[in-house]
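The residues making up each chain are set out below.
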Amino acid sequence: PRRRASVARTQQNDGDRHMKQAWKLNCALLCALLIVAFGSLLAGRHWIAFDQWLGGDLRSIIILQLRLPRACVGILIGAALGMSGAAMQGYLRNPLADPGLFGISSSAALGAVVSLYFGFAASPLLLPLFALLGAAGGMAALSMLAGSSGSLTLFTLSGVILASLTGALTSLLISLAPTPFASAEIVTWLM
């Protein structure tokens, strides 16, 4: 009984120490995020000092209507990508899992390339819509390939197959582009 109590206390102390370390790391990362976000408001094509932010002139418009929304959207998108990556890694119980491994990124790229290939990218909303549809189609194909067995190995191998197939189809569309300008636009977008 004494040994069990000693082991339990040791485990509790280790857990408390890890929680304190995690708390310190999260606080340091939050401070770094705030410093970088503040720096992004200052820096740009022209440096705008902090005392000029609320002057009511062109500089304050640049800060309030361009740089601040850009910084907020960047923080939100980064948080969403981080949470989705953590969810995927937790679901698959694999710290190396990413959308590129499972063919989702290449499926989204194929959807965007289809939009550029057929000229639907003239509208600013159609290119992201095609990319989202490509990603959704990739997820549907992945779930059909992997089946309902729930095996992580089969899921991973199905994702590698999907990534190879969509990468090959993207290369095919690049090589069959109707004009050299369309091909250059596709390659530029993929970069």
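Preceding block: the structure.
Because the structure is predicted, anything quoted here is derived from the model rather than measured. (Residues numbered from 1 in each chain as written. Predicted model: local features only at pLDDT ≥ 70, side-chain atom pairs only at ≥ 80, totals over all residues. Heavy atoms only, no water.)

Engineer: Now, about the overall build of the protein: what can you tell me, with residues and values included?
Structural biologist: The number of helices and strands found in the protein is six helices and zero strands. Along the protein, from the amino end to the carboxyl end, the secondary structure elements read α-α-α-α-α-α. Taking 16 Å as the expected radius of gyration for a compact globule of 191 residues, we find that the protein reaches 24 Å, considerably beyond that expectation. Principal-axis analysis of the C-alpha atoms places the extent of the protein at approximately 80 × 60 × 20 Å. For the protein, with 191 residues in total, the buried portion stands at 22%. Long-range pairs, those at least 24 residues apart, make up 52% of the contacts in the protein between residues at least 6 apart in sequence. (Helix = DSSP H or I, 4+ residues; strand = E, 2+ residues; numbered from the N terminus. Rg over C-alpha atoms; globule rule 2.2 N^0.38 Å. Buried < 20%, exposed > 50% of the residue type's maximum accessible area, 1.4 Å probe, protein only. Contact = heavy atoms within 4.5 Å.)

Engineer: Account for the packing of aromatic side chains, with residues named and values stated.
Structural biologist: Scanning the model with the defined rule gives four aromatic pairs in all. Their ring planes at 85° and their centres at 4.9 Å tell us that Tyr-117 and Phe-118 sit as a pair that is edge-to-face. The exposure class assigned to Phe-118 is exposed, which follows from its relative accessible area of 53%. Both rings, one in Phe-118 and one in Phe-120, keep their centres 6.5 Å apart while their planes meet at 40°; by these two values the pair is tilted. Of the residues examined, Phe-120 reaches a relative accessible area of 39% and is grouped as partly exposed. (Phe/Tyr/Trp six-rings, centres within 6.5 Å; stacked < 30°, edge-to-face > 60°.)

Engineer: How would you explain the environment of Tyr-91 if you had to name every residue and give the values?
Structural biologist: Here Tyr-91 lies in helix α2 (residues 58-92). For Tyr-91, a relative accessible area of 62% translates into the label exposed. Taking the C-alpha atoms as reference points, Tyr-91 and Ala-49, 42 residues apart in sequence, are found 45 Å from one another.

Engineer: Lay out the side chain of Ser-115 with the relevant residues and their values.
Structural biologist: Residue placement: Ser-115 occurs in helix α3 (residues 104-117). For Ser-115, a relative accessible area of 0% corresponds to the buried category. If sequence neighbours within four positions are ignored, Ser-115 has contacts with Phe-120, Ala-121, Leu-126, Leu-127 and Phe-130.

Engineer: Just give me the short version of the environment of Ser-164, but keep the residues and values in it.
Structural biologist: With respect to the helices and strands, the residue Ser-164 is situated in helix α5 (residues 152-175). With a relative accessible area of 48%, Ser-164 lands in the partly exposed category. Taking the C-alpha atoms as reference points, Ser-164 and Trp-53, 111 residues apart in sequence, are found 50 Å from one another.

Engineer: An account of the nonpolar core is needed here, citing residue identities and associated values.
Structural biologist: Formed by Leu-92, Ala-97, Phe-102, Ile-104, Ala-108, Ala-135, Leu-142, Ala-146, Phe-155 and Leu-162, the largest nonpolar core amounts to ten residues. Elements supplying a minimum of two residues to this core: α3, α4 (126-146) and α5. At three residues, α4 tops the list of elements feeding residues into this core. With sequence-adjacent residues up to four places away left out, Ile-104 is seen in contact with Pro-99, Ala-135, Gly-138, Met-139 and Leu-142. Among the nonpolar cores identified, the runner-up in size contains eight residues, and Leu-110, Ala-112, Leu-116 and Leu-127 belong to it. (Core = buried A, V, L, I, M, F, W, Y, C linked by side-chain atoms within 4.5 Å.)

Engineer: Any details on α5? Residues and values, ideally.
Structural biologist: Residues spaced three or four apart along an α-helix face the same direction, because each turn holds 3.6 residues. Its 24 residues place the ends of α5 35 Å apart at the C-alpha level, agreeing with the 34 Å of an ideal helix rising 1.5 Å per residue. Structurally, α5 contributes buried residues whose contacts are with α2, α3, α4 and α6 (180-190). (Expected span 1.5 Å × (residues − 1).)

Engineer: Report on the pattern of salt bridges, specifying residues and quantitative values.
Structural biologist: Opposite charge on two side chains lets them pair, provided their charged atoms get close. One pass over the structure, following the stated rule, counts one salt bridge. The residue Asp-57 makes a salt bridge to Arg-59 at a minimum N-O spacing of 3.6 Å. Arg-59 sits in the partly exposed class, given a relative accessible area of 38%. (Salt bridge = Lys/Arg side-chain N within 4 Å of Asp/Glu carboxyl O.)

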